[in-house]
Structures are given as C-alpha cells and as structure tokens.
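# Notes for the structure review
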Amino acid sequence: MSWGTELWDQFDNLEKHTQWGIDTLEKCIKFVKERTEIELSYAKQLRNLSKKYQPKKNSKEEEEYKYTSCKAFISTLNEMNDYAGQHEVISENMASQIIVDLARYVQELKQERKSNFHDGRKAQQHIETCWKQLESSKRRFERDCKEADRAQQYFEKMDADINVTKADVEKARQQAQIRHQMAEDSKADYSSILQKFNHEQHEYYHTHIPNIFQKIQEMEERRIVRIGESMKTYAEVDRQVIPIIGKCLDGIVKAAESIDQKNDSQLVIEAYKSGFEPPGDIEFEDYTQPMKRTVSDNSLSNSRGEGKPDLKFGGKSKGKLWPFIKKNKLSLKLGATPEDFSNLPPEQRRKKLQQKVDELSKEIQKEMDQRDAITKMKDVYLKNPQMGDPASLDHKLAEVSQNIEKLRLETQKFEAWLAEVEGRLPARSEQARRQSGLYDSQNPPTVNNCAQDRESPDGSYTEEQSQESEVKVLATDFDDEFDDEEPLPAIGTCKALYTFEGQNEGTISVVEGETLYVIEEDKGDGWTRIRRNEDEEGYVPTSYVEVCLDKNAKDS
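The rules behind the values
- Residues numbered from 1 in each chain as written.
- Predicted model: local features only at pLDDT ≥ 70, side-chain atom pairs only at ≥ 80, totals over all residues.
- Heavy atoms only, no water.
- Helix = DSSP H or I, 4+ residues; strand = E, 2+ residues; numbered from the N terminus.
- Contact = heavy atoms within 4.5 Å.
- Areas by Shrake-Rupley, 256 points an atom, 1.4 Å probe, with all protein chains shown as cover.
- Buried < 20%, exposed > 50% of the residue type's maximum accessible area, 1.4 Å probe, protein only.
- Pairing = 2+ DSSP bridges.
- Axes fitted to C-alpha atoms, helices over the stretch in contact; angles between N-to-C directions.
- Core = buried A, V, L, I, M, F, W, Y, C linked by side-chain atoms within 4.5 Å.
- Expected span 1.5 Å × (residues − 1).
- Bend = angle between axes of the 7 residues up to and from the residue.
- Patch = residues over 30% accessible without salt bridge, like charges linked within 9 Å, V, L, I, M, F, W, Y side chains within 5 Å.
- Salt bridge = Lys/Arg side-chain N within 4 Å of Asp/Glu carboxyl O.
- Polar contact = N/O pair within 3.5 Å; in protein donor to acceptor, adjacent residues only side chain to side chain.
- Arc of directions from axis to C-beta.
- Phe/Tyr/Trp six-rings, centres within 6.5 Å; stacked < 30°, edge-to-face > 60°.
- pLDDT = per-residue confidence, 0-100.

## Describing the overall build of the protein chain
The secondary structure content of the protein chain amounts to 16 helices and five strands. Taking as baseline every contact in the protein chain between residues at least 6 positions apart, the subset at least 24 positions apart corresponds to 73%. Within the structure as shown, the protein chain displays about 33300 Å² of accessible surface, and the carbon and sulfur contribution to it stands at 51%.

## Looking at the pairing of strand β4 (residues 537-541)
Consecutive side chains along a regular strand alternate between the two faces of the sheet. In terms of burial, β4 is a largely internal element, four of the five residues being buried. Pairing between strand β3 (residues 527-531) and β4: five bridges, direction antiparallel. Within β4, the position partnered with Arg-529 by the bridge is Tyr-539. Taken together, β3 and the strand that follows it, β4, pair antiparallel across an intervening segment of five residues.

## What about the sheet that holds strand β5 (residues 545-549)?
With antiparallel pairing, the five strands of this open sheet are ordered in space as β4-β3-β2-β1-β5. The sheet is open, and its two borders are formed by β4 and β5, each paired with just one other strand. In this sheet, neighbouring strand axes are inclined to one another by 40 degrees on average, regardless of whether the strands run parallel or antiparallel. Pairing analysis gives three bridges linking strand β2 (residues 515-520) to β3, with the strands arranged antiparallel. Paired with Tyr-517 across the strands is Arg-531, a residue of β3.

## Quick look at the nonpolar core
Among the nonpolar cores identified, the biggest contains 38 residues, and Leu-25, Met-94, Leu-109, Phe-213 and Ile-216 are the most heavily contacted of them. Every element with two or more residues in this core is listed here: α2 (11-52), α4 (68-160) and α5 (166-257). Considering each element in turn, this core owes the most residues, 16 residues, to α4. Excluding residues that lie within four positions of it along the chain, Leu-109 makes contacts with Ile-22, Leu-25, Met-219 and Arg-223. One finds Ile-508, Leu-516, Val-540 and Val-545 within the second-largest nonpolar core, a separate group that totals 14 residues.

## What about the side chain of Thr-18?
For Thr-18, the location among the structural elements is in helix α2. On the basis of relative accessible area, Thr-18 is assigned to the buried category, the value being 1%. The contact partners of Thr-18, leaving out residues within four places of it in the chain, are Arg-113, Phe-117, Ile-216, Met-219 and Glu-220.

## Concerning α4
Across its 93 residues, α4 extends 134 Å between first and last C-alpha, which sits within 8% of the 138 Å expected from 1.5 Å per residue. At Ala-95, α4 shows its largest kink, close to 35 degrees.

## Description of a nonpolar patch on the surface
Together, Leu-49, Tyr-53 and Phe-73 make up an exposed nonpolar region whose accessible area comes to about 280 Å². Examined against the element boundaries, Leu-49 turns out to sit in helix α2. Take Leu-49: its relative accessible area is 44%, and that puts it in the partly exposed class.

## As for the environment of Tyr-287
Locating Tyr-287 in the fold gives a position in the loop between α6 (261-272) and α7 (300-304). Among the polar contacts listed, one links the side chain of Tyr-287 to the side chain of Glu-285, at a separation of 2.8 Å.

## Looking at α6
Helix length check: α6 (twelve residues) gives 17 Å between terminal C-alpha atoms against 16 Å at 1.5 Å per residue, within 8%. Buried within α6 we find Asp-264, Leu-267 and Ala-271. The buried residues of α6 occupy an angular sector of 55 degrees when the element is viewed end-on, so they sit on one face. Tucked inside the fold, the buried residues of α6 contact α4 and α10 (346-383). The backbone nitrogen of Lys-262 lies 3.1 Å from a side-chain oxygen of the residue at the head of α6, namely Asp-260.

## With respect to the pattern of salt bridges
When charged atoms on two side chains of opposite charge get close, those side chains can pair. Evaluation of the coordinates by the stated rule reveals 22 salt bridges. For Lys-146, the salt bridge goes to Glu-142, with nearest N and O atoms at 3.5 Å. Taken together, the positions of Lys-146 and Glu-142, both in helix α4 and four residues apart, correspond to about one turn of that helix. Accessibility expressed as a relative area gives 45% for Lys-146, which makes it partly exposed. Close ionic contact of Asp-394 with Lys-378 constitutes a salt bridge, the shortest N to O distance being 2.7 Å.

## Some points on the packing of aromatic side chains
In the structure shown here, the tally under the stated rule is eleven aromatic pairs. Judged by centre distance (5.6 Å) and plane angle (40 degrees), the ring pair of Phe-31 and Tyr-234 falls under tilted. In this pair, Phe-31 is assigned in helix α2 and Tyr-234 in helix α5, connecting sequence segments 203 residues apart. Taking the relative accessible area as the measure of exposure, Phe-31 reaches 47% and is therefore partly exposed. Judged by its relative accessible area of 21%, Tyr-234 falls in the partly exposed class. Between Phe-414 and Trp-417, the ring centres sit 5.3 Å apart and the planes meet at 90 degrees, which makes this aromatic pair edge-to-face. Remark: Trp-417 and Phe-414 occur in helix α11 (residues 394-424); sequence separation between them is three residues, near one turn of the helix.

## What to know about the pairing of β2
Bridge analysis of strand β1 (residues 492-496) against β2 gives four bridges, and the strand direction is antiparallel. Across the sheet, residue Thr-493 finds its bridge partner in β2, namely Tyr-517.

## A short note on the confidence of the model for the protein chain
Chain-level statistics for the protein chain give a pLDDT mean of 79 and a share of 78% at 70 or above. Looking over the protein chain, one finds the lowest element-wise mean pLDDT in helix α13 (residues 444-453), namely 37, and the highest in α2, namely 94. When the criterion is pLDDT under 50, residues 426-484 qualifies, and its contacts beyond four places in sequence or with other chains add up to 129 contacts.

Written as structure tokens, this is what we have:
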C-alpha cells in the first residue's frame, strides 16, 4: 500500500488532504490550550472559594473554629486548596508537554510538506515541459511531411507538363528533395524527443512521483502517530495527579472522621457555662394572713422578713428567677468591662482570668529573653570594648527589668483574682440555694459576709452575690414589674453632704444639703438606699450622706 502507486494521479487531492491534517493538528493544539485555560480558571476559582471561607484572623469567627466540625471544615478548605494546585499542575504539564511540543512539530510539518510538494510541482512542471517539446516536434514533423507531399506533387505536375521548361522542372525537383529532407530531419527529431519524453514520463510516474508521494505518506503517518501520542500524554497528565487528588480527598474524609460531637458539646459547655446552680423551688405566699411591716437595721431577713420581703422572696420573687430575666445583671448596663471580669459568671470569669495570666506569663518570658540577650551583649562589650559601649545598654536593661516587674505585679493581681474565683467555685451550689430562697432569715452572718464580697451598684456583677445583693441589684427591675406593690417603708432620713450624680441605673442623683428618706441602710458594701418621693429612689455612696435612723428602727 503506497500512495505513489495507488494515488499517482491525485496530486491535488493529496495536497488538500495534508493541509487538512495540519489543520486537524492545530485544532488539537487549540483544544488542549482551551483545556489548560479551563484548568487554570477552575483552580483559581477553587482557591478563591477556599480563601473566601477561611476564618479571618483576630476575629470572633476564628474563635468559633475550635470545634472539631469547624476544624474539619478548615481541613477541607486546605485540601481543596491543594486540590486546586493539582489542576494548576495539569495545566502546566499540558502546556509544556503537549502545546509547546505540538506547536513546534506543526512548524516542522509545514516546512516538510512545503518541500515535498515543491519537489512534486517541479517534477510536474518538467514533464509538462517535455510534453510541450514533444508536441512541438510532432507538429513540426507533421507540417514538414505535408510540405514535402505538396512539393512532390508540384514536381510531378511540372515534370508531366510539356510546356514547362527543363529548368523549372529541375527547380521543382530540387525543392521537393529539400522538403523531403526537412521531413526526414523532423521525423528524426520527433523520434528522439518522443523517446526522451517516454523516458521522462516513465521516470516521473514510476520514480519521482512515487518517491515524493511516499515521503508525503510517511509525513502524514507521523502526524497521525503524533496525534495519538499527544492523546496519550493528555491522559497521562491527568493520571499523574490522580494519586495526589486522591490524597486530598482522603484528607477530607479523614477530617470528616475526626469530627467528635461529644467533644464539641463539651466545648459548648466550657464556652457558656456560668458556674451557677439552677434556682430552687418557689415558696407559697399566703396572702390571707395580715402582712406585718417592721423595720430592722441589723439583717436583711429581719428587715425584709415581714410584709414587703415576703413579696421579694415569695412566688413573685425576682431573686429566685434572676438567671432567666433579661435585666438581671446591672453590670450589663453600666459601661465597659471591668478589669477583673467581675461582670461575667464564675466559670467564664475563671477562664478569662486564666487566659490573662497565661498571656502575661508569655509577655514576662519574652521580656526575660530580651533581658538575657541584652546581658549577653553587655558581657561581649565588656570583653571586647571595641565592639560597643557596655554603658549604652544599661538604660535598655533597666527598662526591660522595669517592664518585667510591672508584668509580674500585674500577674500577681490577676492570679489573686483567679485564686479568689477558684476558691469560691466549689461553694457556688450553697450560694445558689441562698439565692433561690432555701436559706431563710436565720442565716444573717452568712448574708452579711457575702454582701461584703459583692460589687457596688455602679460596679460589676460577681459570682459571690448573696441573697441580699440579688435583692438590691434587682430592686429596680422588681419595681418595674410590680408597680402596684407598696413602697418600702422609710427607716430614717439622711442629709446629702456632697452632690452626687447618679448616672448608672440603680443610683440616684442628690444635691448637697438635700434631705431624703433612708429605706435601706448600708450593708457593708458602701451604698445606702434612699428615696426622694414615691417615684424616685436608688443608691448613693454612704460617705456622701449623713444618715439618721429612726429610734424604732434601731431598737427593733
């Protein structure tokens, strides 16, 4: 099977076919190029998608990724980033191993095709030239033969005519001989050219054209083989990244299997646990008995044990339900977070304090490392004065030592608060029982001790709040919801020694020299509850007023 023998007369069709083959090869190159662009675009979109859902640094969202499910999601994003990288590898390998290689081969193929068909056209032109020469000699031989026949006929005519002179006959005879000689010469020339043409034609159809067409056939077959090799490379480029893509997918599966729902549930407990106990049962309040309103100056249970206090710790007691009431914490409305995190529940406060202690410890270690480095540098300067002045480091060394001392003092402060919280956490169940009303007025010492530990009304809420502190903090809320209840009775009067601006909720503003009613004396927290009229009451610093209690209140 050879194009030279089978397609000897299809020069033009072979030229069109080989051009189509080159166009097909360029089409394959274009296809692979568009595939590489798609891979790059896909990889870019995957990277952007992964980046979009990555948690932002130093944000609340980053804190949420402590859960195993969120960590698995982050691992999935990272694996998808690596997955995108493999698509970039596909694009790069296809570009280098297929596109560049085929583009170079196409240029070589065009040159080879051009050269082969140039040789074919050259041979074609040569045989056409030989054919023209043959035709020309043939026409000349034909013309000379006709001329010789006419000359012979003219001579015979002249020779038969008796009226023609002998000279004219001789002239006609000579002309006929000349024409016959010319015809013989043309015949010989035509014969020679014909033999030469036949030889050239045989060479053309049996040697030149078969050789040229064989080269073209081999060129075309190499092109076809090259397309097949490129297709294999196309598949191999994809196949090479399959193991790595498989590892990426295995990583996603492994991340999914690492999700621990129990651990996440425990983290939720650690994140939101307050450390308080649930409120106790609510006592029955018997309104069929007359309510006695007596006043006491020594204990909360005595001053509240009759009349109004029954409301506070009865069925409608705010003290029992405070963990579930939106306005239960005065500190939520009093401004910035205190330094000791006393606005937080016990468990959360402990975590914040521990975190602060750890941060300070790291800062101390950093400063100590810096101090050690400066000390070593100073020793080097002492041994080699030419390297620097040791005295120049004294100021920096003193500054670092001062920073260390400040940080240590700060650490001690937070450690003290942390020890205080950790020391009291075991007792929080007892405090919760007191808050829920299970402890009655027979425990005034415990109430007073707890009252000493709580913050003032313009301060922050702490986990040590006692039953008494609950009543004080929630008094305003109680009055808001029970406007129909009678106000607390006055137990004395007070005179404002200084002007006080009560800007925080639960406090009241007073003017120097103003006289007001005392409805609750200082329980050791530095605050006294007073009333201006039926609608205005609140707390003022005890040091700002001069208190005069009624005699009955003192004696009771």
